[in-house]
Amino acid sequence: MDLEFGAADEEFRAEVRAWLAEHVPAEPLPSLETEEGFARHREWERTLGADRLSVVSWPREHGGRGVSVLQWLVFEEEYYAANAPGRVSQNGINLLAPTLMKHGTPEQLARVLPPMAAGEVIWAQAWSEPGAGSDLAALRATATRTDGGWLLNGQKTWSSRAAFADRGFGLFRSDPESERHRGLTYLMFPLDAEGVTVRPIGRLDGKPAFAELFLDGVFVPDADVIGEPGKGWNVAMSTAGNERGLTLRSPGRFTAATERLVELWKERADPSDTALRDRVADAWIRSRAYRLKGFETISRDDDIGAESSLNKIFWSDLDVALHETALDLLGADGELESEWLENYVFSLAGPIYAGTNEIQRNVIAERLLGLPRGAR
Amino acid sequence: MKFVLSEEQRMFAGTLRRLLADAGTATIVRAWASGDHGPGRELWSALAEAGLFAVAVPEEHGGAGPLPVELVAAMEEVGRAAAPGPYVETLAAAELLARSGDPDLLPGIAEGAAMVSLAVPHALDADAADTVLGTDGKPRAAAGGPVTSLDPARRLFRVDGEHPAEPPAFGVLMCAAQQLGVGRALLDVTVEYAKARQQFGRPIGEYQAVKHHLAGAMVELEFARPLLYGAALAYGTPEFGRDAAAAKVAVSEASYGAAKIALQVHGAIGYTDEYDPSLWIRKARALHSAWGTPAEHRARVAASL
């Protein structure tokens, strides 16, 4: 057991740090949840991609550099420490790409991944429907067989990035007789196609970043089906597992935010306020715990499976607590527009998306602790 | 980078776990609490034979250590079994004496012949221990009779003389490792109970209210463990004190939290002295403040930031 970085890891860290020092914009970009900000972030993705730093752990043929997961964690630490822009490509990179790498055809990989890595095509996720959030298997949007492909009909909602993105991916009911997990098909579709209406929805922060999608006879060719038609649930679950693991929220995000929190505390805090001091200490302890747990996860050979639910709960609770502490340190300024406030509002979504924390607790109880399934 | 236990380290912990499980510690704990040290002493010797104390003592004094990672793994097992006796204190004394004190006791500690207590500030099991030391490594005398702990298997004694404000970090880490084992044992026994116990015609473990308590306890315990091993690997560096304090905060809260959930899920039977989980529930609270409260260790961490 050790926590030693190898020479190659340190070399990679130094390279990334130098690159970021040279390229990270001096002024923060406008929020990526606005039209202008989205365009500026798309440019940033291209800058990253041009030097093969947008997806460092991917194989070179897909636009990455094939580094180890440990080096990806190193990259993330440096990325967040440099306060580099948020990743507008993350839905595609974190959710769609791992699914394609597992279930996609060689043609799909070659067509979809390099433009994703280069920031040329930005992807939106289209999972939820008005009646299918935590109960994803209740979804009703349909894919109907037609010549050479499928026709999509129905509604998706709360689709992250969909207000400004190029393409979407999600599950559709392809067998009208089917129920629950059966008869679903995983499809990719263009957001500017005929029959697609995108209606941006304002979020808690007022920004129109997610959207509802109305699909009215949208044609999708067979080439854009991922995996076997009708087996979409199994295909999608490999994405969900990935989302709840380390890829969605790497430890670097929290270690960097904690460093900034400590600075804020030193600047702002009344030294006699031990309650706030304790919360800062807890944020530091917990972000360290998450970092070390990440090293443990990548040191193991086995598939972590349902254990990713432990991660999801831990980082989402940590994110909220950390940012609440920052706002409290800011006192009366806490409600004023700032990077802290923006990140605070974003943190509030953590316990909700990617499977609510209540769903995660059920997963932990049933699959890790072996408690019986029962009435919800 | 390989931040998981090696095969040897897992085997060592597994050996101790089996030994402790086979010993049936609940009976030993009750004997110890009543002042009968015999069965506890036997268990101590068995663990010594398996190498528990040797890995705390440097080679030149008859041991194979100090190996903090192995000791963390071992103390989790000691805690899981709620084994009574000054384990933390003896391991901390070994480290203290090897570093700055009189090494004469070390060979005895390594082979399990010497049971040592430390005043932090009370001395645990001073009536059973062969020697009582201050945290300066100097012998101390127990003053007067015992003081009563919430956990009757922790027989505490007041000790003469000054006590430093800060408990030695090595003992803090050992105590935290023991607490993790206590917390894990409480979670495991409570999960088994929730599967078996029926109310309203179904196992209580089917209810989300119960499930979510247990899942929450698991999250806290599983994220506290890496802090223990991170601190063990920091042994000998300037960060060791801070990292041990951080681990103690996280494990104390997680373990005590698990104890409260264990009590809640067990209901009145959990509140019952003669039912075994009470042994772990009381120990979890006692260890919460032993070797420094979470508040003290949080302040220590904050001071280092």
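Remember, it's a predicted structure, so these values are computed and weren't measured experimentally.

Trainee: So what exactly am I meant to see when it comes to the overall build of chain A here?
Mentor: Each helix and strand in chain A was counted, giving eleven helices and eight strands. At 21 Å, chain A has a C-alpha radius of gyration in line with the 21 Å of a compact globule built from 376 residues. Seen through its principal axes, chain A has C-alpha atoms that stretch 70 × 50 × 45 Å. When contacts within chain A are restricted to residue pairs at least 6 apart in sequence, those whose partners lie at least 24 apart make up 72%. In the form shown here, chain A has an accessible surface area of approximately 15900 Å², with 50% of it arising from carbon and sulfur atoms. Looking at charge distribution, chain A has the averaged site of its 41 positive side-chain charges lying 4 Å from that of its 59 negative ones.

Trainee: Honestly, the sheet that holds strand β5 (residues 155-159) of chain B in this entry has me stumped. Any pointers?
Mentor: As a general point, the strands of a sheet are linked pairwise by backbone hydrogen bonds and lie either parallel or antiparallel. All names here are of chain B. On the basis of which strands lie adjacent, the open sheet formed by three strands has the order β2-β5-β4 and antiparallel pairing. Edge positions in the sheet fall to β2 (123-124) and β4 (142-148), since each of these pairs with one other strand and no more. Taken together, the two bridges between β2 and β5 define a ladder with antiparallel strand orientation. Looking at the pairing, Ala123 lines up with Phe157 of β5.

Trainee: Is there a simple way to explain helix α9 (residues 240-266) of chain B in this structure?
Mentor: Every α-helix winds through 3.6 residues per turn, so residues three or four apart in the chain are directed the same way. Residues and elements named next belong to chain B. Counted at 1.5 Å a residue, the expected span for α9 with its 27 residues is 39 Å, and the 38 Å between its end C-alpha atoms agrees. Of all the 27 residues making up α9, 19 are buried; the element is thus mostly covered by neighbouring parts of the structure. Note on α9: the residue one or two positions beyond its end, Gly267, has a positive phi of about 70°.

Trainee: Any chance you could explain the nonpolar core here in plain terms?
Mentor: Proteins that are soluble and globular tend to have nonpolar side chains buried together. Formed by 157 residues in total, the largest nonpolar core has its most connected members in B:Tyr87, B:Ile109, B:Leu173, B:Met174, B:Leu214, B:Leu228 and B:Trp291. At 15 residues, helix α7 (residues 169-196) of chain B tops the list of elements feeding residues into this core. Residues contacting B:Leu214, with those up to four places away along its chain left out, are A:Leu369, A:Leu371, B:Leu187, B:Thr190, B:Val191, B:Ala194 and B:Ile261. The next biggest cluster of nonpolar side chains, apart from the first, holds 27 residues, and it includes A:Ile93, A:Ala117, A:Leu184 and A:Ile226.

Trainee: Before we go on, may I ask you to explain the interface of chain A and chain B in this structure?
Mentor: Interface size is often expressed as the accessible area that is lost when the parts come together. Listed per partner, the contact involves 46 residues of chain A and 42 residues of chain B. Where chain A abuts chain B, roughly 4100 Å² becomes buried across the two surfaces, and 70% of that area is made up of carbon and sulfur atoms. Run the count over chain A and chain B and you get five salt bridges. Across the pair A:Asp282 and B:Arg298 runs a salt bridge whose closest N-O atoms are separated by 2.9 Å. Counting every contact that joins chain A to chain B gives 14 residue pairs in polar contact (both at pLDDT 80 or more). If you list the elements that add at least two residues to the side of chain A that touches chain B, you get α7 (251-268), α8 (274-299), α9 (308-330) and α11 (357-368) of chain A. Residue contributions to the side of chain A that touches chain B peak at 16 residues, all from α8(A).

Trainee: Please explain helix α11 (residues 294-304) of chain B as it appears in this structure.
Mentor: The complete set of buried residues in α11(B) reads B:Pro294, B:His297, B:Arg298, B:Val301 and B:Ala302. All buried residues of α11(B) fall inside an arc of 145° around its axis, so they share one side. The inward-facing, buried residues of α11(B) abut α7 and α8 of chain A together with α7, α9 and α10 (277-289) of chain B.

Trainee: For this particular structure, what's the right way to read the UniProt feature "domain: Acyl-CoA dehydrogenase/oxidase C-terminal" (unreviewed entry) in chain B?
Mentor: If you check UniProt for "domain: Acyl-CoA dehydrogenase/oxidase C-terminal" (unreviewed entry), the listed places come out as residues 173-304 of chain B in our numbering. Along residues 173-304 of chain B the backbone is 77% helical and 3% strand, and the end-to-end C-alpha distance reaches 17 Å.

Trainee: Can you walk me through empty space enclosed by the protein in this structure?
Mentor: A probe matching the size of a water molecule, rolled over the atoms, marks out where space remains unfilled. For the structure shown, the criterion picks out two cavities of 30 Å³ or more. Taken as a whole, the largest cavity spans an internal volume of roughly 80 Å³. As for the largest cavity, its lining consists of 14 residues, of which B:Gly85, B:Glu89, B:Leu124, B:Arg154 and B:Gln178 are closest to the centre. Elements with a minimum of two residues in the lining of the largest cavity: α5 (87-100) and α10 of chain B. Residue composition of the lining of the largest cavity, grouped by class: eight nonpolar, two polar and four charged. Here the second largest cavity defines a volume of roughly 60 Å³. Lining the second largest cavity are A:Lys293, A:Glu296, A:Thr297, A:Arg300, A:Ile304, A:Glu307, A:Ser308, A:Leu310 and A:Asn311. Counting residues per element, the ones that place at least two in the lining of the second largest cavity are α8 and α9 of chain A. Of the residues that constitute the lining of the second largest cavity, the class distribution is two nonpolar, three polar and four charged.

Trainee: Where do I start with the layout of surface pockets in this structure?
Mentor: Residue and element names in this part refer to chain A. Taken as a whole, the second largest pocket encloses approximately 1100 Å³ of empty space. Along its surface, the second largest pocket is lined by 37 residues, and Asn83, Gly86, Glu339, Glu342 and Asn343 are the ones closest to its centre. For the lining of the second largest pocket, the secondary structure elements donating two or more residues are α7, α9 and α10 (339-349). With seven residues, α10 is the single largest residue contributor to the lining of the second largest pocket. Residue composition of the lining of the second largest pocket, by class: 15 nonpolar, eight polar and 14 charged.

Trainee: Please clarify how unusual backbone geometry should be interpreted in this entry.
Mentor: Glycine aside, the phi torsion of most residues is negative, and most peptide linkages are trans. A cis amide bond, omega 5°, links B:Gly65 with the succeeding residue B:Pro66. Between B:Val120 and B:Pro121 the backbone carries a cis peptide bond, its omega angle lying at -5°. Among the structural elements, B:Pro121 can be located in the loop between β1 (116-118) and β2. At A:Arg180, a position not held by glycine, the phi torsion is positive, near 50°. Residue classification places A:Arg180 among the partly exposed residues on the basis of a relative accessible area of 35%. One non-glycine residue, B:Trp291, adopts positive backbone phi at about 60°. Tracing the chain through its elements places B:Trp291 in the loop between α10 and α11.

About the criteria used
Residues numbered from 1 in each chain as written. Chains lettered and ligands numbered in written order. Predicted model: local features only at pLDDT ≥ 70, side-chain atom pairs only at ≥ 80, totals over all residues. Heavy atoms only, no water. Helix = DSSP H or I, 4+ residues; strand = E, 2+ residues; numbered from the N terminus. Rg over C-alpha atoms; globule rule 2.2 N^0.38 Å. Contact = heavy atoms within 4.5 Å. Areas by Shrake-Rupley, 256 points an atom, 1.4 Å probe, with all protein chains shown as cover. Lys, Arg positive; Asp, Glu negative; His and termini not counted. Charge placed at Lys NZ, Arg CZ, Asp CG, Glu CD. Pairing = 2+ DSSP bridges. Expected span 1.5 Å × (residues − 1). Buried < 20%, exposed > 50% of the residue type's maximum accessible area, 1.4 Å probe, protein only. Core = buried A, V, L, I, M, F, W, Y, C linked by side-chain atoms within 4.5 Å. Buried area = accessible area lost by both parts, 1.4 Å probe. Salt bridge = Lys/Arg side-chain N within 4 Å of Asp/Glu carboxyl O. Polar contact = N/O pair within 3.5 Å; in protein donor to acceptor, adjacent residues only side chain to side chain. Arc of directions from axis to C-beta. UniProt positions renumbered as here; feature names shortened; annotations may be inferred. 1 Å grid on protein atoms, 1.4 Å probe; cavity = no way out; pocket = protein on both sides within 12 Å on 5 of 7 lines; lining within 4 Å. Points joined across faces, edges and corners; volume = space filled by probe spheres on them. Nonpolar A, V, L, I, M, F, W, Y, C, P; charged D, E, K, R; others polar.

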